[in-house]
Number of protein chains: 2
Amino acid sequence: MKTLIVYAHPEPRSLNGSLKDLAVSTLRSAGHEVRVSDLYAMDWKAVVDASDYGPEASRPLKVPLDSGRAFEAGTLTPDVLAEQEKLLWADMIVFQFPLWWYTMPAILKGWVDRVFTYRFAYGVGEHSDTKYGERYGEGTLAGRRALLSVTVGGLEPHYAARGINGPIDDLLFPFQHGILHYPGVEVLPPFVLYGADRMTDEDFPDIAKAWEQRLLTLESTEPIPFRRQNFGDYEIPSLQLKEGLEPAGRTGFGLHVRG
Amino acid sequence: MKTLIVYAHPEPRSLNGSLKDLAVSTLRSAGHEVRVSDLYAMDWKAVVDASDYGPEASRPLKVPLDSGRAFEAGTLTPDVLAEQEKLLWADMIVFQFPLWWYTMPAILKGWVDRVFTYRFAYGVGEHSDTKYGERYGEGTLAGRRALLSVTVGGLEPHYAARGINGPIDDLLFPFQHGILHYPGVEVLPPFVLYGADRMTDEDFPDIAKAWEQRLLTLESTEPIPFRRQNFGDYEIPSLQLKEGLEPAGRTGFGLHVRG
């Protein structure tokens, strides 16, 4: 297995840093290839601007079109090209990050904004009245799997079905479904650690054991069964879920998970 | 009315730029005070790191604690202090941004990550077994209102209740509820423009009219009735919604909206 770990935390001696280090050592010991994109160590440029598209940048700037033109011309910046190459190399992608304000840190969002260009991650395949692209289950990154490994300051009941923060599956849906499933990645159930700010060194052995177990079973773990766009579940071109497909009472993001 | 506009788009001659300009001129013409945080023009630092907390940064860095210590010591960086001052000055906050990968651009997330420090936006009030802070309807920014003005590349049905991208209200929930309602801001229903990438100059007059109408009725618009944490709807300290409060069939994020 070829694993890319995308890691976003400013402190190497953090829980996130320890989980990233453990992922590298555990996977390598098991014979897998591992590459790491340590966004803070790379001083990753988080902000999309005209300099990303060099000679392909329009005036005025058009982010989707210009990113697609630069992608097709091979003139994206070297940092972005390197990340796209790693994604194509990988068959497993692990994201290690803290949940800040109910979503990923800005540096990781900036990795998505800059690396997931038009023609690479979206705007792929035929777009017409009968087909709306290869996306949500198809696309450039099909055949790959991903896992979010997330540390959360709050407590688990606050993220449960009736918890005040909203269910963790719904909070992660825009990342898991909208960013990863969209270009074809299969997404495994996340590894979430709650109460991270209250943990001490004494808690780490149990956490490490659970994390190792997840890492060593990545290949046999069933992905979240997100519905695929072009296989009969949706009306085209309205892209609304056909009536009657969902289990009784299911609404919202959960509609887009089968079964 | 004192309005702060937080604007996040790299191109001044974009739809977002035009909407921001129109908001400034419309509100000022109506006699309101307006300040703008143009994050790209300010070259806003998007990434949280130890340099944000100067002498208050621990080794190893602890983002929540260190940000709270720097806030209390008055030693946050001048750019962050300026934004906190603007938030305290404002009674209305308008966010103007494009939806990129189903959430805000990295530069705007970085504004949240850096400005919404511990002790300013969270970690406020008594935290005990009977009270879990002043949050979700109370907090430092209570008495203020906010509005998201969002441009979306995709089409409206794709963001409807059964649309493949998920309902727009759910996609915006982590921002509207998790980031804004949390420190006490009342959130107005968003102004969302779909199909933004397909719009032409000919579409703009109608858009401008709709946007002006929203801007001139901000003070009389009813906010989204998000439930408040400390007023009887939630069990303490599990912070789960009490049984029976929700309308039949409502699940997920929608549980946290009254009525």
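Computed from a prediction, not measured in an experiment: that's the story for all the values here.

## A closer look at the overall build of chain A
Thinking step 1. When helices and strands are tallied, chain A shows seven helices and six strands.
Thinking step 2. If you list the helices and strands of chain A from N to C, you get β-α-β-α-α-β-α-β-α-β-β-α-α.
Thinking step 3. The principal-axis extent of the C-alpha atoms belonging to chain A is close to 55 × 50 × 35 Å.
Thinking step 4. Counting the 259 residues in chain A, one finds 58% classified as buried.
Thinking step 5. For chain A, contacts bridging at least 24 residues in sequence account for 74% of all contacts bridging at least 6.
Thinking step 6. When the 26 basic and 35 acidic side-chain charges of chain A are each reduced to a single mean position, those positions are 3 Å apart.

## A short note on the UniProt feature "domain: Flavodoxin-like fold" (unreviewed entry) in chain A
Thinking step 1. If you check UniProt for "domain: Flavodoxin-like fold" (unreviewed entry), the listed places come out as residues 1-215 of chain A in our numbering.
Thinking step 2. As a span, residues 1-215 of chain A carries 34% helix and 14% strand, and end to end its C-alpha atoms are 11 Å apart.

## Description of the relation of the copies chain A and chain B
Thinking step 1. The two copies are related by a screw motion: chain A maps onto chain B through a turn of 180° and a shift of 0.0 Å along the axis, at an RMSD of 0.0 Å. Taken together, the turn and the small shift mark the pair as related by a two-fold rotation axis. Looking at the rotation axis and the C-alpha trace of chain A, the residue lying nearest is A:Ala106, at 2.4 Å.
Thinking step 2. The overlap is high: 100% of the interface residues of chain A also sit at the interface in chain B, so the same surface is used on both sides.

## Details of the pairing of strand S4 (residues 145-151) of chain A
All names here are of chain A.
Thinking step 1. Of all seven residues in S4, seven are buried; the element is thus mostly enclosed.
Thinking step 2. Residues of S4 alternate between two faces, with Arg145, Leu147, Ser149 and Thr151 on one and Ala146, Leu148 and Val150 on the opposite face, all of them buried.
Thinking step 3. Note: strand S3 (residues 92-98) against S4, seven bridges, orientation parallel. Residue pairing for S4: Pro98 is matched across the bridge by Thr151.
Thinking step 4. Taking the sense of rotation as the criterion, the β-α-β connection linking S3, helix H4 (residues 106-115) and S4 turns out right-handed.
Thinking step 5. In terms of strand pairing, S4 meets strand S5 (residues 186-187) through two bridges, oriented parallel. Bridge pairing in S5 links Ala146 to Val187.
Thinking step 6. In the sheet, S4 pairs with strand S6 (residues 191-193) via three bridges, with the strands oriented parallel. For Ser149, the partnering residue across the bridge sits in S6 and is Phe191.

## Here we look at the interface of chain A and chain B
Thinking step 1. Residue-level contacts link 69 residues of chain A with 69 residues of chain B.
Thinking step 2. For the chain A and chain B pair, buried surface summed over both sides reaches about 5,400 Å², with 61% attributable to carbon and sulfur atoms.
Thinking step 3. Our count for the contact surface shared by chain A and chain B stands at four salt bridges.
Thinking step 4. Across the salt bridge formed by B:Glu246 and A:Arg162, the nearest N and O atoms sit 2.9 Å from each other.
Thinking step 5. There are 32 residue pairs in polar contact (both at pLDDT 80 or more) connecting chain A and chain B.
Thinking step 6. For the side of chain A that touches chain B, the secondary structure elements donating two or more residues are helix H2 (63-73), H4 and helix H5 (168-181) of chain A.

Procedures and definitions
Residues numbered from 1 in each chain as written. Chains lettered and ligands numbered in written order. Predicted model: local features only at pLDDT ≥ 70, side-chain atom pairs only at ≥ 80, totals over all residues. Heavy atoms only, no water. Helix = DSSP H or I, 4+ residues; strand = E, 2+ residues; numbered from the N terminus. Buried < 20%, exposed > 50% of the residue type's maximum accessible area, 1.4 Å probe, protein only. Contact = heavy atoms within 4.5 Å. Lys, Arg positive; Asp, Glu negative; His and termini not counted. Charge placed at Lys NZ, Arg CZ, Asp CG, Glu CD. UniProt positions renumbered as here; feature names shortened; annotations may be inferred. Least-squares fit on C-alpha atoms with pLDDT ≥ 70 in both. Pairing = 2+ DSSP bridges. Right-handed = clockwise from strand over helix to strand, strands pointing away. Buried area = accessible area lost by both parts, 1.4 Å probe. Salt bridge = Lys/Arg side-chain N within 4 Å of Asp/Glu carboxyl O. Polar contact = N/O pair within 3.5 Å; in protein donor to acceptor, adjacent residues only side chain to side chain.

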